[in-house]
Amino acid sequence: MIQLHDKQFVPFISAKEINFAIEKMVSQIEDDFFDETPIFIGVLNGSFMVVSDFLKLYKKPCEVSFIKLASYEGTESTESVKQLIGLNQDLTGRTVIVLEDIIDTGNTLEELKKLFKSQNVKHFKIATLFFKPDAFKKDLKIDYVGIRIPNKFIVGFGLDYDGLGRNLPEVYQLKEE
Ligand SMILES: O=P(O)(O)OC[C@H]1O[C@H](OP(=O)(O)OP(=O)(O)O)[C@H](O)[C@@H]1O
Ligand code: HPA
């Protein structure tokens, strides 16, 4: 068990399971876009670890860039997604694949879809390492999902509780009271 600020968390998903899920996403995307040079877009802050591990396994030509959005405060979604760092690249005609650490309520995903709609890209796909189907409130497609998880707050592998926990190489879930 670990303590972050005022809350306790228990082990949930091992580094090995995470790696297996990322390998699966890499091979699906390599197969689907074998004749393209995709540009992977990580959504900061949370996605830095999944982007790093994903790219180390991705063996075909590709580019990477980042945007920064934020919606979560503490253990709750604020419902408003702020763009903190935007896109600074022309994506016209490109195959764009967004890499997310987690899709929860879908608020961030909705904002991402709006953001890229006006960009005239060739393909636009969304890949997420973790997905909470029971929390997801939107009628939007997610193209690649690593691991489906129950609607519980998690930390580790890039995900934080008020800034802490991002550096953990495995995932922990909030301990029941
Ligand atoms: O589906 P949603 O309910 O929108 O939640 C998903 C988003 O929440 C997290 O980001 P957060 O807003 O916590 O910012 P961070 O990546 O800087 O921690 C995560 O990285 C996703 O981008
Ligand atoms: O479960 C979560 N943990 C941390 N950050 C998050 N952002 C959306 N869902 C989560």
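Whatever comes next refers back to the structure up there.
Residues numbered from 1 in each chain as written. Chains lettered and ligands numbered in written order. Predicted model: local features only at pLDDT ≥ 70, side-chain atom pairs only at ≥ 80, totals over all residues. Heavy atoms only, no water.

### A look at the pattern of salt bridges
Across all of its chains, the model carries 10 salt bridges by this definition. With a closest N to O distance of 2.9 Å, Glu36 and Lys122 form a salt bridge. Of the two residues, Glu36 sits in the loop between helix H1 (15–32) and strand S3 (39–44) while Lys122 sits in the loop between helix H3 (107–117) and strand S7 (123–131), which places them 86 residues apart along the sequence. (Salt bridge = Lys/Arg side-chain N within 4 Å of Asp/Glu carboxyl O. Helix = DSSP H or I, 4+ residues; strand = E, 2+ residues; numbered from the N terminus.)

### Describing the site of ligand 1
Among the 18 residues in the neighbourhood of ligand 1, the closest are listed as Ser71, Glu100, Asp101, Thr105 and Thr108. One of the side-chain nitrogen or oxygen atoms of Thr105 is found 2.5 Å away from an oxygen atom of ligand 1. Within the backbone of Gly106, an N or O atom sits 2.9 Å from an oxygen atom of ligand 1. Taken together, the elements giving at least two residues each to the shell around ligand 1 come down to strand S4 (63–73), strand S6 (95–103) and H3. (Near = heavy atom within 4 Å. Polar contact = N/O pair within 3.5 Å; in protein donor to acceptor, adjacent residues only side chain to side chain.)

### A short note on unusual backbone geometry
The amide bond that connects Leu44 to the next residue, Asn45, takes the cis arrangement and shows omega of 0°. Examined against the element boundaries, Asn45 turns out to sit in the loop between S3 and helix H2 (48–57). One non-glycine residue with positive phi stands out, namely Phe157, at about 50°. You can see Phe157 is positioned in the loop between strand S9 (154–155) and strand S10 (171–174). What makes Phe157 buried here is its relative accessible area of 5%. Unlike most non-glycine residues, Asp162 shows phi in positive territory, near 45°. Taking the relative accessible area as the measure of exposure, Asp162 reaches 46% and is therefore partly exposed. (Buried < 20%, exposed > 50% of the residue type's maximum accessible area, 1.4 Å probe, protein only.)

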